[in-house]
Amino acid sequence: SEHDSALAGAEDLPAFLGAALVHAASDSASWPEVQRLAGGNFAQAVSLCGLLEPAALTKHWAMNREHLLAKMDALIEELQRLRGLLAEAGREEAVEDYLEQADRSRHDWIAARERADWSGEGRGAAPARDAGFVGRLFGFRPRESRSKK
């Protein structure tokens with residue numbers, strides 16, 4: 001169903017990506033150094049793979065296998081596209097454009113989430129204030145400043 005496909009992209013794929021990132025890092029010879037250097041970005045990226053027990057996550061992924069595989073294929077294509085841009089010397093501007101587009105999409109999503117507006121009409125809206133890690137994790141809206149009350 002469309003809902004299962006959306007769930008695979010919004011919930012399953014990030015957990016899958018976190019698990020893959022942990023394996024890629026911990027299986028490398030530089031893992032002792034990575035452990036010392038890894039900070040908030042790494043912790044945030046891998047945190048979703050630990051939210052459910054492995055057995056429960058495995059069962060969930062098996063039930064949504066077809067949709068998760070399609071989302072994984074799309075992610076692999078996107079990673080290959082980004083890798084291609086990065087691999088070519090002199091393509092720094094294209095990499096920057098890629099990252100700017102991703103940042104705009106992220107800001108549009110946050111703004112739409114705060115407005116509960118999924119029509120897509122708010123694209124290009126001013127970036128929303130960040131709700132912090134816990135807020136992002138649970139979808140909380142940022143707190144209004146006391147001066148506005």
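Coordinates for the structure precede this section.
The rules behind the values
- Residues numbered from 1 in each chain as written.
- Predicted model: local features only at pLDDT ≥ 70, side-chain atom pairs only at ≥ 80, totals over all residues.
- Heavy atoms only, no water.
- Core = buried A, V, L, I, M, F, W, Y, C linked by side-chain atoms within 4.5 Å.
- Buried < 20%, exposed > 50% of the residue type's maximum accessible area, 1.4 Å probe, protein only.
- Helix = DSSP H or I, 4+ residues; strand = E, 2+ residues; numbered from the N terminus.
- Contact = heavy atoms within 4.5 Å.
- Lys, Arg positive; Asp, Glu negative; His and termini not counted.
- Salt bridge = Lys/Arg side-chain N within 4 Å of Asp/Glu carboxyl O.
- Expected span 1.5 Å × (residues − 1).

A separate point is the nonpolar core. Counting residues in each nonpolar core, the largest one holds six residues, listed as L13, A15, L57, W61, L68 and M72. Elements that contribute at least two residues to this core include exactly α1 (2-26), α4 (54-63) and α5 (65-87).

On the secondary structure map, L13 appears in helix α1. In this structure the C-alpha to C-alpha distance between L13 and W61, which are 48 residues apart in sequence, comes to 9.5 Å. Residues in contact with L13, not counting those within four places in the same chain, are A8, L68, K71, M72 and L75.

Here the focus is the side chain of D12. Position of D12 relative to the elements: it lies in helix α1. Here D12 sits buried without a salt bridge, and the closest side chain of opposite charge, K71, lies 10 Å off (N-O distance). Those residues in contact with D12 that sit more than four places away from it in its chain are L7, H60, W61, N64 and L68.

Moving on: helix α6 (residues 92-115). Since the α-helix packs 3.6 residues into each turn, any two residues three or four apart lie on the same face. The terminal C-alpha atoms of α6, which comprises 24 residues, lie 35 Å apart, in line with the 34 Å expected from a rise of 1.5 Å per residue. Residues of α6 that are buried: V95, Y98, H107, D108, I110, A111 and A112. Check the buried side of α6 and you find it contacts α5. Just past α6, the residue A116 takes up positive phi, approximately 55 degrees.

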